[in-house]
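# Summary of the model geometry
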Amino acid sequence: MVDANEARRLVILGTGGTIAGRATAASDNVGYVAGQVAVADLVAAVPALAGVSCEVEQVAQVDSKDMGLPVWQALVRRLAHHLEDPAVAAVVITHGTDTLEETAFLLQQLLQPRKPVVLTCAMRPASALTPDGPQNLSDAVAVAREPGAGGVMVVCAGQVHTATDVSKVHTYRTDAFDSGDAGPVACVEEGRVRRFRPWPADVRATGGDHDAGALARFLAADALPRVELLISHADAGGAMVQALLAQGETDPVQAVRGIVVAGTGNGTVHQALAEALDVAQARGVPVLLTSRCARGHVVPHPGLAFVAADDLSPVKARLGLALALLAD
Ligand code: SIN
């Protein structure tokens, strides 16, 4: 039997990012090195967390531009371990902003947690004159402790986003994330959470019920199936696709297994690129269609060049296809 206080235990996992970054001058918000400050020190720097019972663990210490399979596997292992513990109520993860939406999507896809898993970040390094990390971390803990909250979420600049909807949309501003047409799921004001729509775990009929086979395949993989992301643009051509197909003929290990194309507007693709992608599909390489537009999704219609990737952004569609191909 888990005692009521124990069941409120919070775990905070650190993976690096700007939130753990350090610059030589406090006035420098861009010339820093990410992933320098231990997550235990980030937590200790937030006075509001002083009374919160939490376990802190450094899973990685990376600039998230370099995120890849080994760190993802380590993170998924530790997260799954903590989520299975009945004494753990929620997990907060500190992460770089640059690929945060991909990690959030990966965790939601693989674990579909019923408990809250809250990723947070910062746009200014820990050494900044006014760092945004401490407030974001404090807000993330508020969401993690919110009764009824569940699923993978991202907290930044007082807004709470779902893993499915969130994208980084600004290079510099502290409110760098947006949920597109869906909008944020909640906001945090003075430590209080104000919810606008159901938590992600309540939306998914399968909340808390992940595919154990898919998780095991991901954890055992030496590499993810190679899925490339191409963008359609004025004056585009098919040379990149042709080069990928040619490489696969001489080096089967490196063969491209899938292609996601970020089309123009409502998923249109330059004729020259579309012809090359048709050849790829004919050779058994699936092609998924997304839009390079920051807002909206590819509205289905019979004339679409390729199968549309639901409402997913190009980077999430790429990851989703790689995960799906792991099953082949
Ligand atoms: C990173 O993504 O690790 C660096 C950039 C950031 O966190 O804002």
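One structure accompanies this document, and this report is about it. By convention here, each chain's residues receive numbers from 1 onward along its written sequence. Only residues with pLDDT of at least 70 get local features here, since the model is predicted, and only at 80 or more are side-chain atom pairs given and counted; chain-wide, interface and lining totals rely on the full set of residues. To obtain the side-chain values, all non-hydrogen atoms of the structure were used and water was disregarded.

## A look at the pairing of strand β2 (residues 54-62)
Two strands are counted as paired when DSSP detects at least two bridges linking them. Helix numbers and strand numbers start at the N terminus; a helix is a DSSP run of H or I with at least 4 residues, a strand a run of E with at least 2. Relative to β2, strand β1 (residues 9-16) is paired through six bridges, and the arrangement is parallel. Paired with Gly14 across the strands is Gln58, a residue of β2. Note on handedness: a clockwise path from strand one over the helix to strand two, with the strands aimed away from the viewer, defines a right-handed crossover. Traced from β1 through helix α1 (residues 39-44) to β2, the parallel crossover comes out right-handed.

## Observations regarding the site of the ligand
Around the ligand, a shell composed of Gly17, Thr18, Tyr32, Asp63, Ser64, Gly96, Thr97, Asp98 and Ala122 is seen. Within the side chain of Thr18, a nitrogen or oxygen atom sits 2.8 Å from an oxygen atom of the ligand. Here a polar contact is taken to be a pair of N or O atoms separated by no more than 3.5 Å, where protein atoms must pair a possible hydrogen donor with a possible acceptor and residues adjacent in sequence count only if both atoms sit in side chains. Thr97 is positioned with one of its side-chain polar atoms (N or O) 2.5 Å from an oxygen atom of the ligand. Residues are counted as near a molecule or strand when any one of their heavy atoms sits within 4 Å of it.

## A few points about the environment of Ala272
As for its position among the elements, Ala272 is in helix α8 (residues 271-282). Once you skip the residues sitting within four places of it in the chain, Ala272 turns out to touch Ala236, Gly237 and Gly238. The contact definition used throughout considers only heavy atoms, calling two residues in contact when any of these lie within 4.5 Å.

## Considerations on the pattern of salt bridges
Any Lys or Arg side-chain nitrogen found within 4 Å of a carboxyl oxygen on Asp or Glu counts as a salt bridge. Inspection of the entire model under this criterion finds 13 salt bridges. For Arg9, the salt bridge goes to Glu55, with nearest N and O atoms at 3.1 Å. In this pair, Arg9 is assigned in strand β1 and Glu55 in strand β2, connecting sequence segments 46 residues apart. When accessible area is computed with a 1.4 Å probe and restricted to protein chains, residues below 20% of their type maximum are described as buried, those above 50% as exposed, and intermediate ones as partly exposed. For Arg9, a relative accessible area of 16% corresponds to the buried category.

## Focus on the sheet that holds strand β5 (residues 151-156)
Strand order in this open sheet of eight strands is β2-β1-β3-β4-β5-β6-β9-β10, and the pairing throughout is mixed. Two strands close off the open sheet at either side, each with one partner strand: β2 and β10 (192-195). Looking at each pair of strands side by side, their axes are set apart by 25° on average, direction ignored. Axis definition: a line fitted to C-alpha atoms, limited for helices to the stretch in contact. Angles are taken between N-to-C directions and run from 0 to 180 degrees. The strands that helix α4 (residues 133-144) touches are β1, β3 (88-94), β4 (116-120), β5, β6 (159-162), β9 (186-189) and β10; relative to β4, the one it contacts most, it runs at about 170°.

## A few points about the nonpolar core
Take the buried residues of types Ala, Val, Leu, Ile, Met, Phe, Trp, Tyr and Cys, join any two whose side-chain atoms come within 4.5 Å, and each joined set is a nonpolar core. One finds Leu79, Ile93, Leu107, Phe218 and Leu224 to be the most contacted residues of the largest nonpolar core, which totals 49 residues. Of the residues forming this core, the biggest block, eight residues, is contributed by helix α2 (residues 69-84). Domain segmentation is taken from an automatic or database assignment of domains. When residues are assigned to domains, this core turns out to be shared by domain 1 (4-202) and domain 2 (225-325), each giving three or more. Contact partners of Leu107, with chain neighbours within four places excluded, come to Leu75, Val76, Leu79, Ile93, Gln112, Pro113, Val117, Leu119 and Val152. Counting residues in each nonpolar core, the second largest holds 30 residues, with Leu42, Leu49, Ala142 and Val160 among its members.

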